Amino acid sequence: MAVDTITSSPLGPPACEKDAKALQFIEEMTKNCDLVQENVLSEILSQNADTEYLQQFGLDGATDRETFKSKVPVVGYEDLQPYIQRIANGDRSKILSSHPISEFLTSSGTSAGERKLMPTIAEEMNRRQKLYSLLMPVMNLYVPGLDKGKGLYFYFIKAETKTPSGLVARPVLTSYYKSQQFKTRPFDPYNVLTSPNETILCVDSFQSMYSQMLCGLIYREEVLRCGAVFASGLVRAIKFLQLHWQQLAFDIESGSLNSKITDPAIRECMSKILKPSQDLARFIREECCEGNWEGIITRIWPNTKYLDVIVTGAMAQYIPILDYYSNNLPKTCTMYASSECYFGLNLTPMVKPSEVCYTIMPNMGYFEFIPHDPTNPMTISRDSPPHLLDLADLELGKEYELVISTYSGLSRYRVGDILQVKGFHNCAPMFKFIRRKNVLLSIDADKTDETELQTAVENASELLKEFNTTVVEYTSYGDTKTIPGHYVIYWELLMKDPGYGPTDDVLDRCCLAMEECLNSVYRQSRVADQSIGPLEIRIVKSGTFEELMDYAISRGASINQYKVPRCVSFTPIMELLDSRVVSTHFSPAAPTWTSERRF
Ligand code: AMP
């Protein structure tokens, strides 16, 4: 197989003394990847030797890779759930980790409709902070002068909740933004944000976005980079500007803050920043009033050198709209992380999105890899633990599924991400993010799998029973041409009595019934963040799915093995489906969501 190898050159010269240390750290970690991994595993196993979880596998104090791999099973969330549940219920014994569990991080991956709970320990925050501290030194290698201005980043916290035993459960970024490490970070000229902490730390997404956008406009000439964690966040921010520029301009003209911003901390800090400016208000009106949003980022923030957003994986769908908004500014995907563990960073951040690679930092946890070959899948059984590959064993061009062991107490846990080795930096593989397993639809942080979609369709089709109607086939599509994006579900119906089919009102209610069934991350995005729009059902003519099959077979699919794809994105298929639509229906209301969760 022909593979384009990426070889990464040594990192340097650094922009400043602090950067030199960070770059040296990266070089050391990547040169000694295997040794660092051996030590990390040994540390994790020594630290957690007396936990109930590890004790059952009879490691007898061994901390070496061989013993670990031969005795400890590879697991998924469901295997750990009973242990996690006990921690949530207040059992303070050393279950997974010998260090006290400081909080639960709630992943955007779900189990039984609720966010997965990842127990974490206090020292992990320092490890995450360490990875963050490496990002700007790498960026400074490629973009000089970032100390001469500010970064406009849209960062948000989400609602948190408490377990029955009083432990906080919240997303990892909420935990980070609320930490002392973030709130009292020392001044770093290379990392000055336009958003004051107060604007980030407001859980009301409207107030937070409004005040962050206002600051971005006020400091517009100083802004050198714009970003959000994921591409969907930056797209949402620009949409917000489209919806609210008149009020924002009014606030700037008058020097008074919109009365909808009621958070006292935001009002207090904005009172120091917001001063009347006729010129700026006029400028914003001129740029926005014509409704032309092409190049809006470069027009409003003309000194922006790049967009700092993740556009890999599911986020690749936002590349065209970001290119449109920014006149094709570079998009840097700086880091690869999860609630379970922060993994690594992009050492060549200015490359095209399709070439983005992440280098896993071997100090973050212990990483193993399952060769990913769909034609010859590896059997993973709990009874005979498999011998998985180490970071140092990986081959160029091959795909692997990531398995992690962490200081917080996850042992050989399958994250679900599929990565491909694209090159090496020193001895460390550089990975292209291929995809997350089992994700059918994703607009923002939501990840909906096939079973969830199936259940939602079944649930909604209950409403059709009284009309003697059934859903004979369905498929779905994540539509990001609308902002915010939304789920589109194509339904082919069988009406026993065509004269008495479901009314528009019933089909609208079917949309809502589907949404009610989707997981809590979906519903939170719909309700609290409004980062997903109302679900749409498109009814297609009878016979459409047969045509879909004919099309697939004409392109070489086997008639015996053909299965209806439960998610589509290929343009000719979309065109076929859309040309057969007889009616469209939208969810008439928001689904139920509360920050409380079931434990
Ligand atoms: P969460 O557990 O909610 O923090 O989500 C973590 C997951 O988000 C990862 O396991 C990946 O599937 C995805 N993810 C995180 N960073 C990236 C990235 N840079 N590119 C693509 N997907 C990512």
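Residues numbered from 1 in each chain as written. Predicted model: local features only at pLDDT ≥ 70, side-chain atom pairs only at ≥ 80, totals over all residues. Heavy atoms only, no water.

Draft legend 1. Highlighting the nonpolar core. Core analysis: the largest hydrophobic core is formed by 166 residues, its most contacted members being Ile297, Trp301, Phe367, Phe369, Leu402, Trp491 and Met514. Among the elements that make up this core, the one with the highest residue count is helix H11 (residues 231–254) (11 residues). Excluding its chain neighbours within four sequence positions, the residues that come into contact with Phe369 are Ile360, Leu388, Leu389, Asp390, Leu391, Leu394, Tyr400, Glu401, Leu402, Leu419 and Phe431. One finds Tyr490, Leu548, Ala552 and Leu576 within the second-largest nonpolar core, a separate group that totals 14 residues. (Core = buried A, V, L, I, M, F, W, Y, C linked by side-chain atoms within 4.5 Å. Buried < 20%, exposed > 50% of the residue type's maximum accessible area, 1.4 Å probe, protein only. Helix = DSSP H or I, 4+ residues; strand = E, 2+ residues; numbered from the N terminus. Contact = heavy atoms within 4.5 Å.)

Draft legend 2. Region of interest: the UniProt feature "domain: GH3 middle" (unreviewed entry) in the chain. Mapped onto this numbering, the UniProt entry annotates "domain: GH3 middle" (unreviewed entry) at residues 358–436. Across residues 358–436 one finds 0% helix and 51% strand; the C-alpha atoms that close the span lie 15 Å apart. (UniProt positions renumbered as here; feature names shortened; annotations may be inferred.)

Draft legend 3. Quick peek at the UniProt feature "domain: GH3 C-terminal" (unreviewed entry) in the chain. Sites flagged by UniProt as "domain: GH3 C-terminal" (unreviewed entry) map to residues 452–570. Between the end C-alpha atoms of residues 452–570 there is a gap of 22 Å, over a span that is 36% helix and 22% strand.

Draft legend 4. Summary view of the sheet that holds strand E19 (residues 486–495). Strand order in this open sheet of 4 strands is E18-E19-E20-E21, and the pairing throughout is mixed. Of all strands in the sheet, those bounded by a partner on one side alone are strand E18 (469–479) and strand E21 (581–586). Going across the sheet, the axis of each strand differs from the next one's by a mean of 25°, ignoring polarity. (Pairing = 2+ DSSP bridges. Axes fitted to C-alpha atoms, helices over the stretch in contact; angles between N-to-C directions.)

Draft legend 5. Spatial organisation of the layout of surface pockets. By volume, the second largest pocket is sized at about 530 Å³. Considering the residues around the second largest pocket, the lining is formed by 25 residues, among which Thr110, Lys116, Lys437, Asn438 and Asp449 are closest to the centre. Elements with a minimum of two residues in the lining of the second largest pocket: helix H5 (77–88), strand E2 (101–111), strand E16 (413–425) and helix H16 (450–461). If you tally residues by element for the lining of the second largest pocket, the top one is E16, at 4 residues. (1 Å grid on protein atoms, 1.4 Å probe; cavity = no way out; pocket = protein on both sides within 12 Å on 5 of 7 lines; lining within 4 Å. Points joined across faces, edges and corners; volume = space filled by probe spheres on them.)

Draft legend 6. Spotlight on helix H18 (residues 520–527). Here H18 lies mainly inside the structure; 7 of its 8 residues are buried. Residues of H18 that are buried: Ser520, Val521, Tyr522, Arg523, Gln524, Ser525 and Arg526. Contacts from the buried residues of H18 go to E2, strand E3 (114–121), E19 and helix H17 (504–517). Put simply, Asn519 is the residue that caps the front of H18, since its side-chain oxygen is 3.1 Å from the backbone nitrogen of Val521. (Polar contact = N/O pair within 3.5 Å; in protein donor to acceptor, adjacent residues only side chain to side chain.)

Draft legend 7. The arrangement of H11 in detail. Its 24 residues give H11 an end-to-end C-alpha distance of 32 Å, which sits within 8% of 34 Å, the value for a rise of 1.5 Å per residue. The largest bend in H11 is about 70°, located at His244. (Expected span 1.5 Å × (residues − 1). Bend = angle between axes of the 7 residues up to and from the residue.)

Draft legend 8. Broad picture of the domain arrangement of the chain. Segmenting the chain into domains produces domain 1 (17–122 + 337–436), domain 2 (147–304) and domain 3 (440–586). The C-alpha-based centres of domain 1 and domain 2 are spaced at 34 Å. Taken together, the 16 residues of domain 1 in the interface contact 13 residues of domain 2. Here domain 1 and domain 2 share an interface that buries about 1200 Å² over both sides, 53% of which is from carbon and sulfur atoms. Contact with domain 2 buries area across many residues of domain 1, yet Glu103, Phe104 and Tyr342 alone supply 34% of it, more than any other trio. On the surface where domain 1 and domain 2 come into contact, there are 2 salt bridges. The tally of links between domain 1 and domain 2 comes to 8 residue pairs in polar contact (both at pLDDT 80 or more). At the level of secondary structure, the elements contributing two or more residues to the side of domain 1 that touches domain 2 comprise H5, E2 and E3. Among the elements that take part in the side of domain 1 that touches domain 2, E2 stands out by supplying 6 residues, more than any other. When grouped by side-chain class, the residues that make up the side of domain 1 that touches domain 2 number 7 nonpolar, 5 polar and 4 charged. (Domains from an automatic or database assignment. Buried area = accessible area lost by both parts, 1.4 Å probe. Salt bridge = Lys/Arg side-chain N within 4 Å of Asp/Glu carboxyl O. Nonpolar A, V, L, I, M, F, W, Y, C, P; charged D, E, K, R; others polar.)

Draft legend 9. Examining the environment of Ser70 more closely. As for its position among the elements, Ser70 is in helix H4 (residues 65–71). Through-space distance from the C-alpha of Ser70 to that of Phe57 is 9.7 Å; in sequence the pair is 13 residues apart.

Draft legend 10. Here's a closer look at the packing of helix H19 (residues 544–554) against helix H20 (residues 571–579). Remark: H19 packs on H20, axes separated minimally by 10 Å, with the N-to-C direction vectors making an angle of 155°. With respect to each other, H19 and H20 are oriented roughly antiparallel. For H19 against H20, the interelement crossing comes out right-handed. Contact with H19, carried on its side by Thr544, Glu547, Leu548 and Tyr551, involves Pro572, Ile573, Leu576 and Leu577 of H20 and no other residues of that element. In the contact of H19 with H20, the residues fall into 6 nonpolar, 1 polar and 1 charged. (Parallel < 35°, antiparallel > 145°, perpendicular 65-115°, else oblique. Left-handed = near helix turned anticlockwise from the far one by under 90°.)

Draft legend 11. Expanded view of the pairing of E19. Of all the 10 residues making up E19, 8 are buried; the element is thus mostly covered by neighbouring parts of the structure. Strand direction decides the pairing type here: E18 and E19, joined by 10 bridges, are antiparallel. Counted as the bridge partner of Tyr477 is Val488 from E19. As defined by bridge partners, E19 adjoins strand E20 (residues 536–540) across 5 bridges and the pair is classed as parallel. Paired with Val488 across the strands is Glu536, a residue of E20.

Draft legend 12. Fine view of the side chain of Thr161. Tracing the backbone through its elements, the reader meets Thr161 in strand E5 (residues 161–162). Sequence-distant contacts of Thr161, defined by excluding residues within four places in its chain, comprise Leu167, Val168, Ala169, Ser595, Glu596, Arg597 and Phe599.

Draft legend 13. The arrangement of empty space enclosed by the protein in detail. Taken as a whole and assessed by the stated rule, the structure comprises 2 cavities of 30 Å³ or more. Reported here for the largest cavity is a volume of approximately 80 Å³. If you go around the largest cavity, the residues you meet are Ser232, Val235, Arg236, Tyr318, Ile321, Asp444, Thr480, Thr482, Ile483, Pro484, Gly485 and Ser531. The greatest single-element share of the lining of the largest cavity, amounting to 3 residues, is contributed by H11. Grouping the constituent residues of the lining of the largest cavity by class yields 5 nonpolar, 5 polar and 2 charged. By volume, the second largest cavity amounts to about 60 Å³. Around the second largest cavity, the lining residues are Leu105, Met118, Pro119, Thr120, Glu124, Arg128, Ser339, Glu340, Thr406, Ser408 and Leu410. Put simply, the parts of the chain that give the lining of the second largest cavity at least two residues each are E3 and helix H6 (123–142).

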